[in-house]
Number of protein chains: 2
Amino acid sequence: MTTTPDHEAAGRRSHAKGEARRRQILESAIELFAERGVDAASLRTIGEAIGVSHTALRHYFASRDDLLIEVYRAHEASTSESLADVDGDPVLAMAETAERNRSIPGLVQLYTTLTTDALQEQHPQTQDFVRGRFRALRSSIAAKIAAAQEAGELAADFPPEDVAALIIAASDGLQVQWLLDPEAIDVGRILSLLGRLMPERP
Amino acid sequence: MTTTPDHEAAGRRSHAKGEARRRQILESAIELFAERGVDAASLRTIGEAIGVSHTALRHYFASRDDLLIEVYRAHEASTSESLADVDGDPVLAMAETAERNRSIPGLVQLYTTLTTDALQEQHPQTQDFVRGRFRALRSSIAAKIAAAQEAGELAADFPPEDVAALIIAASDGLQVQWLLDPEAIDVGRILSLLGRLMPERP
């Protein structure tokens, strides 16, 4: 079965409108979480806070978990372009991201909430998302490290995958300590210590 | 006003009985969390799972947060004795703890739940507990590092507090990645990379 051209155009317009509305909701939710955090957020309370009916929200997002994941994905996509600038040095790149997150503690909260949910059986979708994100991030950082090792720019006596996991872990853990104790923790300075693990070849 | 010796003895017995019951509840909760995790645990659902009435639970613990904190504290106290054995090398000590946690993913979940709650305004008691725990842990690890630096056993060109924060952050973050991807992450091996930050003095 095919649709007539008129139906197609109408479908495209309606699809585009739906996409725009979905995007708008995501942006409101990013603002909401940035300002107020994500604690005990249900689809209903999120809808109330951003002035979207529960029914409308359910139209765009299947569940609370689905919305949280999409909000985080949208936030990450909007910052990843600038991240691509810090090419080459993975420690510097993570330090940059950590630095940028400083201004939006609510989004660090969103991230830790997703991570904590991911460890619980009751959130299979979040578990898939977070596991996949860690894998993709480890493999992208490891590839940069391996390339630098092959080019003779970095010492080659350690597994790139291990250092990649370590950089991500340190960055995640330090952001939590920093949120709880901003005076005591300088995320960028501490992360830069990891650079010592990979001395440039003489 | 003084109580009679008889009253005192009765009071002591009743206090001892109360302590024993509280201890029993904590142990049941540790088992519960170790087996099933802590997701969406309310005082009521915890009580139902360990067969303690809500009223009895409220008698010993003021709130869900209070119970979670006490469960974690009890678990940590029971493992800290063996931790004291790994004197001297803080990286080794964290690796040991991480290794021990492997057998009890539910307690890593409890830890990440406490940490996530601590970042939310709605959990002031948890925030105080987690902030205090991080401070105590950083300062105890930093003291060991500083002592080793003074004794000439470790390179002295980095701030002990920064390395302490880094070790804790890496250990926390790696345990999360490991829970999601046990095949890919070897917590002990990756943490041991941090030992390179502190080469022994020649």
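Note that residues are indexed from 1 along each chain, following the sequence as it is written. All chains are assigned letters beginning at A, and all ligands numbers beginning at 1, according to the order in which they are written. Only residues with pLDDT of 70 or above have their local features reported here, since the model is predicted, and side-chain atom pairs are shown and tallied only from 80 upward, although totals for entire chains, interfaces and linings are computed over all residues. Note that water and hydrogens are dropped before the side-chain values are worked out from all heavy atoms of the structure.

## Some details on the overall build of chain A
Convention followed: Only DSSP runs of H or I with at least four residues qualify as helices, and only runs of E with at least two residues qualify as strands; both kinds are numbered from the N terminus onward. Burial status follows relative accessibility: with a 1.4 Å probe on protein chains alone, a residue under 20% of its type maximum counts as buried, one over 50% as exposed, and anything between as partly exposed. Note on contacts: a residue pair qualifies if any of its non-hydrogen atoms lie within 4.5 Å across the two residues. In this description, accessible areas are obtained by the Shrake-Rupley approach with a 1.4 Å probe, and a residue is regarded as covered only by the protein chains that are shown.
Broken down by element type, chain A carries nine helices and zero strands. Relative to its full complement of 202 residues, chain A shows a buried share of 48%. A separation of at least 24 residues holds for 63% of the contacts in chain A among residues at least 6 apart in sequence. Looking at chain A as shown, the accessible area adds up to about 10100 Å², and 52% of this sits on carbon and sulfur atoms.

## Focus: helix H6 (residues 105-118) of chain A
Basically, it comes down to this: Expected helix span is given by 1.5 Å per residue-to-residue step, counting one fewer step than there are residues.
In a regular helix each residue adds 1.5 Å, so 14 residues correspond to 20 Å; H6 of chain A covers 20 Å between its end C-alpha atoms and thus fits that length. Among the 14 residues in H6 of chain A, 13 count as buried, and that is most of the element.

## Structural notes on the interface of chain A and chain B
Counted only if it meets this: Defined here as a combined quantity, buried area equals the accessible surface (1.4 Å probe) lost by two parts on assembly, summed across both. Basic side-chain nitrogens of Lys or Arg form a salt bridge, by our definition, when they fall within 4 Å of a carboxyl oxygen of Asp or Glu. Residues adjacent in sequence count toward polar contacts only when both atoms are side-chain atoms; beyond that, a polar contact is any pair of N or O atoms within 3.5 Å, and within protein one must be able to donate a hydrogen and the other to accept it.
With 42 residues of chain A at the interface, the matching set in chain B holds 42 residues. Between chain A and chain B the total buried area reaches about 3900 Å² when both faces are included, carbon and sulfur atoms providing 58% of it. For the pair chain A and chain B, the interface holds six salt bridges. Of the charged contacts in the structure, one is a salt bridge between aspartate 181 of chain A and arginine 138 of chain B, with a shortest N-O distance of 2.9 Å. Our enumeration of links across chain A and chain B arrives at 17 residue pairs in polar contact (both at pLDDT 80 or more). Only H6, helix H7 (124-150), helix H8 (160-180) and helix H9 (187-192) of chain A provide two or more residues apiece to the side of chain A that touches chain B.

## What to know about the relation of the copies chain A and chain B
How we decide: When the copies are superposed, the least-squares fit takes in the C-alpha atoms of residues with a pLDDT of at least 70 in both.
In the superposition of chain A on chain B (RMSD 0.1 Å, axial shift 0.0 Å), the rotation amounts to 180°. With respect to symmetry, the two chain copies, as superposed, fit the operation of a two-fold axis. Considering only C-alpha atoms, the residue of chain A closest to the rotation axis is alanine 170 of chain A, which sits at 2.1 Å. Most of the interface of chain A is mirrored in chain B: 100% of its interface residues are interface residues there too.

## Observations concerning the pattern of salt bridges
Between side chains of opposite charge, a pair can form when the charged atoms approach closely. Tallying each qualifying case throughout the model produces 20 salt bridges over all chains. Put simply, aspartate 162 of chain B and arginine 189 of chain A hold a salt bridge, and the shortest N to O gap is 2.8 Å. Highlighted residues: aspartate 162 of chain B in helix H8 (residues 160-180) and arginine 189 of chain A in helix H9, drawn from two different chains. Notably, a salt bridge pairs arginine 64 of chain B with aspartate 65 of chain B, separated by 2.8 Å at the nearest N-O pair. Taking the relative accessible area as the measure of exposure, aspartate 65 of chain B reaches 12% and is therefore buried. A single salt-bridge network, built from bridges that share partners, covers Arg22, Glu70 and Arg73 of chain A.

## Details of the packing of H7 of chain A against H8 of chain B
We apply this condition: What counts as an axis is a line fitted to C-alpha atoms, over the stretch in contact for a helix, and the angles between N-to-C directions run from 0 to 180 degrees. Orientation categories follow fixed angle ranges, with anything under 35 degrees roughly parallel, anything over 145 roughly antiparallel, 65 to 115 roughly perpendicular, and all other angles oblique. Two helices crossing with the near one rotated counterclockwise from the far one by less than a right angle form a left-handed crossing, whereas a clockwise rotation gives a right-handed crossing.
Packing of H7 of chain A against H8 of chain B brings their axes to within 10 Å, and their N-to-C directions diverge by 115°. Classified by the interaxial angle, the pair formed by H7 of chain A and H8 of chain B is roughly perpendicular. Here H7 of chain A runs over H8 of chain B; the crossing is left-handed. Between H7 of chain A and H8 of chain B, the contacting residues are Gln127, Val130, Arg131, Phe134 and Arg138 of chain A on the first element and Val176, Gln177 and Leu180 of chain B on the second.

## Some points on the nonpolar core
The cut-off we apply is this: Think of a nonpolar core as a cluster: buried Ala, Val, Leu, Ile, Met, Phe, Trp, Tyr and Cys residues, connected wherever their side-chain atoms sit within 4.5 Å.
If you look at the biggest cluster of nonpolar residues, it comprises 116 residues, and the most contacted ones within it are Leu194 of chain A together with Leu194 of chain B. Residues in contact with leucine 194 of chain B, not counting those within four places in the same chain, are Leu166 and Leu194 of chain A together with Val91, Leu166, Ile167 and Ala170 of chain B.

## Side note on the packing of aromatic side chains
Put simply, the rule reads: Working definition: rings of Phe, Tyr and Trp (its six-membered ring) pair if their centres are within 6.5 Å, and the pair is stacked with planes under 30 degrees apart, edge-to-face with planes over 60 apart, and tilted otherwise.
Going through the model one piece at a time under the given rule, you end up with four aromatic pairs over all chains. Aromatic ring contacts, followed pair by pair, group Tyr72, Tyr111 and Phe129 of chain A into a single cluster.

## Considerations on the environment of serine 192 of chain A
With respect to the secondary-structure elements, serine 192 of chain A resides in helix H9. Once the C-alpha coordinates of serine 192 of chain A and leucine 92 of chain A are considered, the two residues, 100 residues apart in sequence, prove to be 7.2 Å apart.

## Some points on helix H7 (residues 124-150) of chain B
Residue and element names in this part refer to chain B. Here H7 contains 27 residues, and its C-alpha end-to-end distance of 38 Å stays within 8% of the 39 Å for a straight helix at 1.5 Å per residue. Along H7, the positions that sit buried rather than exposed are Thr126, Phe129, Val130, Arg133, Phe134, Arg138, Ile141, Ala142, Ile145, Ala148 and Gln149. Remark: glycine 152 follows H7 within two positions and exhibits a positive phi of approximately 75°.

## Things to note about the side chain of threonine 126 of chain A
Secondary-structure assignment places threonine 126 of chain A in helix H7. What makes threonine 126 of chain A buried here is its relative accessible area of 0%.

## Description of the UniProt feature "DNA-binding region" (unreviewed entry) in chain A
Definition in use: UniProt positions are given in the numbering used here, feature names are shortened, and annotations may be inferred rather than shown by experiment.
Summarizing the sequence annotation, UniProt attributes the feature "DNA-binding region" (unreviewed entry) to residues 42-61 of chain A in the numbering used throughout. From the first C-alpha to the last, residues 42-61 of chain A spans 12 Å; its make-up is 75% helix and 0% strand.

## Section: the environment of isoleucine 185 of chain A
Summarising the element assignment, isoleucine 185 of chain A is placed in the loop between H8 and H9. Through-space distance from the C-alpha of isoleucine 185 of chain A to that of leucine 174 of chain A is 7.5 Å; in sequence the pair is 11 residues apart.

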